[in-house]
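# Working through the structure, step by step
Take a look at the letters that make up each chain.
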Amino acid sequence: MKNNELSYKNLKKYCNPEKLPFETTEELEPISTGIGQERAIKALEFGLNVDVKGYNIYLEGHSGVGKTMYTKKYLDVISKKKKTPTDWCYIYNFSNPNEPIAVSLPAGQGKEFKETMDQFIKDIKNDINSTFSNEDFEIEKNSIRQQYEQKRSILLEKLNKESAKYGFEVKSAENGIYMKPIVDGKALKEEEFEQLDEDVKKEYEDKSNIVQEQIISVISQIKVIEKEADTKIEEWQSNIALLTVNARINLIKAAYKKNKKINKFLTDIKQNILKNINAFMEQKPHQAQPGAPIPPQSKPWENYRVNLFIDNSELDGAPVVMDSNYSYHNIFGKLEYENYYGSLKTDHTMLKAGLLQKANGGYIIFQAKDLLENQICYNALKKALRIKETSIENTADQRSSMVMVSLKPEPIPLDIKVILIGNANIYHSLLAMDADFRKLFKAKVEFEDDAPRTDENILKQKYSVKNSKNTISWLNVIQSYINDSKERNPQMVQDYYLILNIRNKIVHGKFNSLDNNELNNAIKIISRMIISLNNE
């Protein structure tokens, strides 16, 4: 047998720079598929395409194989082909003010609806003020008042005649009706009445009871007359305002005629405006005592506002949401409050969406370890996936001494794919101990730790570091380290981007951002790179 002598260079695998069709990685386009992850991508596609309850995805893999990066890039690509989900708005519930109504509209129409109602409020206030602030209105209003004033005068005149029979004179004042005894045709003052004989006083006191009953009867009749006058004026105002309101309301109804919730909302607004015409008229500012709280003015139009809860007008396709803040309110939304004279006040416009609502109709990515650290969030997520709806609950501090008015907004149907990313230990622990997890995360995707060392995969590896502006020489050094780190194994290690991350921190002088493990890795990497450069 002939012995072949090998050079030390034959014992080391090198990357041939002639096979790389670029000068620096800045020229390359990023890749959206993993290196050697074809099996994982197919499993991911399957899980995402199964539109059945419970087929959310647990994505398993060791730290450093790029599972989060690849998943996010892949979802960003396929989400563009999906239908853009609807907008969601919350509107005031006139039947039950503490339960705001959720309204669904095609993407982009929610913003239009909000702007339409904001403009409607401005227009209707101006229209009502201009209609009822002219002289003709005041003349007609005074004319109605005069008709009822005549009836009131007739009653008082009749009362005066009846009371004169019992020796009393009746007078009307702003604060009511009072009577005075008459002696010898003269109305006596209180001190003059006290000087009369006891017998005379007793006689007047007995008669006064009869006159008082007559006065009470007349006062009741006057109140009825005043109420009739107010009702007549309100009806007259409503009839005039109805023409203006109908013109505005019907225009909006025509634009949203297929939406029953919006049509009922607009009908309720019309009725509410007609009941509160006076509130729309410009009022003189209330003169409060110094230091005293200013009483709130009625502002019925605040209930006509629209809360644009989810706005997908700028979205192209389905949403893909990933965040590092795993607080309850950030994930599930919240109800905000404002301090109002010692109590916390809120309304439907203070409902704020969380990540789950923003991702509705699309995809949301969670890191399993971070999510499980907040058990309240994990349990709430499972509940939302079980019942397929999301709602905002009041989780304000129960120890607060402030008086709070809470809301119970209508839940929104939930159509979402949850991708939970973690390692094998977390997966098997949840599988063994959490029955809900087994029902809700039926799809599993496993990312490989390594990939075959082929020219295609080597080129993909270069593509994946596009934003690092690496030259071919740098990439070859890195490739040498990758090859050396798996001696005797024809597979490529998948932690190349970790290597590049350390390299970039070193190049840019960000040594403080390296932890102990990264520093140890950096020392090993630099040592191997120096050896590789010397050998070449």
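Our subject is the structure listed above.
A brief report on the enclosed structure follows. Fair warning: this is a prediction, and the values are worked out from it, not measured in the lab. (Residues numbered from 1 in each chain as written. Predicted model: local features only at pLDDT ≥ 70, side-chain atom pairs only at ≥ 80, totals over all residues. Heavy atoms only, no water.)

## Let's talk about the overall build of the protein chain
So the rule is basically this: Labels follow the DSSP assignment, with helices taken as runs of H or I lasting at least four residues and strands as runs of E lasting at least two, numbered in each case from the N terminus. Relative accessibility thresholds used throughout: buried, under 20% of the residue-type maximum; exposed, over 50%; partly exposed, between the two (1.4 Å probe, protein chains only). Pairs of residues are marked as contacts when any of their non-hydrogen atoms sit within 4.5 Å. Reported accessibility uses the Shrake-Rupley method at a 1.4 Å probe radius. Residues are deemed covered only where the shown protein chains occlude them.
Helix and strand counts for the protein chain come out as 18 helices and 20 strands. Buried positions account for 40% of the 536 residues belonging to the protein chain. Put simply, of all contacts in the protein chain between residues at least 6 apart along the chain, 76% involve residues at least 24 apart. When the accessible surface of the protein chain is split by element, carbon and sulfur atoms take 49% of a total near 31400 Å².

## Looking at unusual backbone geometry
Residue Lys-388 is not a glycine yet carries a positive backbone phi of 60°. Turning to its location among the elements, Lys-388 is positioned in the loop between α12 (375–387) and β14 (389–390).

## Describing the side chain of Asn-263
Our working rule: Each polar contact in these results corresponds to two N or O atoms within 3.5 Å; when the atoms are within protein, one needs to be able to donate a hydrogen and the other to accept it, and residues that are neighboring in sequence are counted only if both atoms are side-chain atoms.
With respect to the helices and strands, Asn-263 occurs in helix α7 (residues 260–275). Within the structure, Asn-263 has its side chain in polar contact with the backbone oxygen of Asn-259 (distance 2.9 Å). Asn-263 has contacts with Lys-253, Tyr-256 and Lys-257, leaving out every residue within four places of it along the chain.

## Quick look at the sheet that holds strand β18 (residues 443–446)
Worth spelling out the cut-off: Think of it this way: DSSP has to see at least two bridges between two strands before they count as a pair. Lines fitted to C-alpha atoms define the axes, with helix axes restricted to the stretch in contact, and inter-axis angles between N-to-C directions lie between 0 and 180 degrees.
Across the sheet, which stays open at both edges, the five strands sit in the order β8-β13-β17-β1-β18 with parallel pairing between neighbours. The sheet is open, and its two edges are formed by β8 (320–322) and β18, each paired on a single side. Between one strand axis and the next, the sheet turns through 20° on average, direction left out of account. Looking at chain direction, strand β1 (residues 57–60) and β18 are connected through four bridges and run parallel. Note that in β18 the partner of Ile-57 across the bridge is Ala-443. Lying over the sheet, helix α1 (residues 38–49) contacts β1, β13 (363–367), β17 (417–422) and β18, oriented at roughly 160° with respect to β18. Sitting on the sheet, helix α2 (residues 67–79) touches β1, β8, β13 and β17, and the angle it makes with β13 is about 175°.

## Notes on the packing of α1 against α2
Stated precisely, the cut-off is as follows: Roughly parallel covers angles under 35 degrees, roughly antiparallel covers those over 145, roughly perpendicular covers 65 to 115, and oblique covers all other angles. If you view the pair so one helix is near and one far, a crossing is left-handed when the near helix is turned anticlockwise from the far one by less than a right angle, and right-handed when it is turned clockwise.
One can describe the packing of α1 onto α2 by two numbers: an axis separation of 12 Å at closest approach and a directional angle of 50°. One finds that α1 runs oblique with respect to α2. As for how α1 packs across α2, the hand of that crossing is right-handed. Two secondary-structure elements touch here, α1 through Ile-41, Leu-44, Glu-45 and Leu-48 and α2 through Tyr-74, Leu-75 and Ile-78.

## Details of the pairing of β17
The two faces of the sheet receive side chains in turn, since in a regular strand these alternate between them. Burial analysis of β17 places six of its six residues in the buried class, the great majority of the element. Along β17, one buried face is formed by Lys-417, Ile-419 and Ile-421 and the opposite face, lined by Val-418, Leu-420 and Gly-422, is buried too. As paired strands, β1 and β17 are joined by four bridges and run parallel to one another. Looking at β17, one finds that Leu-59 is bridged to Ile-421. Note: β13 against β17, five bridges, orientation parallel. When the sheet's bridge partners are listed, Gln-367 is paired in β17 with Ile-421.

## Quick notes on the packing of aromatic side chains
Here is the rule we go by: By convention, a stacked pair of Phe, Tyr or Trp rings (six-membered ring in the case of Trp) has centres within 6.5 Å and planes under 30 degrees apart, an edge-to-face pair has planes over 60 apart, and any other such pair is tilted. Two limits define a charge over a ring: the Lys NZ or Arg CZ must be within 6 Å of the ring centre, and within 35 degrees of the ring normal.
Counted under the stated rule, the structure contains 14 aromatic pairs. Here Tyr-328 and Phe-332 contribute two aromatic rings whose centre-to-centre distance is 5.0 Å and whose plane-to-plane angle is 35°, an arrangement assigned as tilted. Residue Tyr-328 and its partner Phe-332 are located together in helix α9 (residues 328–332), separated by four residues, close to a single helical turn. Residue classification places Tyr-328 among the buried positions, given a relative accessible area of 17%. The ring of Trp-301 is capped by Lys-125, whose NZ or CZ atom sits 4.2 Å from the centre of that ring.

## Some details on helix α3 (residues 109–132)
Cut-off, in case you're wondering: The span expected for a helix works out to 1.5 Å for each residue beyond the first.
The end-to-end C-alpha distance of α3, which contains 24 residues, comes to 34 Å, matching closely the 34 Å that a straight helix rising 1.5 Å per residue would cover. Taken residue by residue, α3 has Gly-110, Phe-113, Met-117, Phe-120, Ile-121, Asp-123, Ile-124, Asp-127, Ile-128, Asn-129 and Phe-132 as its buried positions.

## As for the nonpolar core
Our working definition: Here the nonpolar core consists of buried residues drawn from Ala, Val, Leu, Ile, Met, Phe, Trp, Tyr and Cys, with membership extended through side-chain atoms lying within 4.5 Å.
If you look at the biggest cluster of nonpolar residues, it comprises 46 residues, and the most contacted ones within it are Phe-113, Met-117, Phe-120, Ile-177, Ile-269, Ile-273 and Tyr-304. When residues in this core are grouped by element, the largest group, 13 residues, is from helix α6 (residues 198–255). Not counting chain neighbours up to four residues away, the residues in contact with Tyr-304 comprise Phe-94, Met-117, Phe-120, Ile-121, Phe-265, Ile-269, Asn-272, Ile-273 and Phe-280. Residues Tyr-58, Cys-377, Leu-381 and Val-418 belong to the second largest nonpolar core, which totals 29 residues.

## Looking at the environment of Arg-386
Mapped onto the elements of the fold, Arg-386 is located in helix α12. A C-alpha to C-alpha distance of 7.5 Å links Arg-386 and Leu-440, two positions 54 residues apart in sequence. Setting aside residues up to four positions removed in sequence, Arg-386 forms contacts with Lys-53, Asp-436 and Leu-440. Within the structure, the side chain of Arg-386 is placed 3.3 Å from the side chain of Asp-436, a separation counted as a polar contact.

## Some remarks on the side chain of Asn-259
Topologically, Asn-259 is positioned in the loop between α6 and α7. Here Ser-104 takes part through its backbone oxygen, which lies 3.4 Å from a polar atom of the side chain of Asn-259. Looking at Asn-259, its side chain comes within polar contact range of the main-chain nitrogen of Lys-261, at 3.2 Å. What Asn-259 contacts, discounting residues up to four positions off in sequence, is Val-103, Ser-104 and Leu-105.

## A look at the packing of α3 against α7
Condition: Ten residues, namely Ala, Val, Leu, Ile, Met, Phe, Trp, Tyr, Cys and Pro, are considered nonpolar, four, namely Asp, Glu, Lys and Arg, are considered charged, and the remaining ones, Gly among them, are considered polar.
Axis separation between α3 and α7 bottoms out at 13 Å; the angle between their running directions is 20°. On the basis of their axis angle, the class for α3 and α7 is roughly parallel. The interaxial crossing formed by α3 with α7 has right-handed handedness. Between α3, through Phe-113, Met-117, Phe-120, Ile-124 and Ile-128, and α7, the contact on the second element is made entirely by Ile-262, Phe-265, Leu-266, Ile-269 and Ile-273. Class assignment of the residues belonging to the contact of α3 with α7 gives a composition of 10 nonpolar, no polar and no charged.

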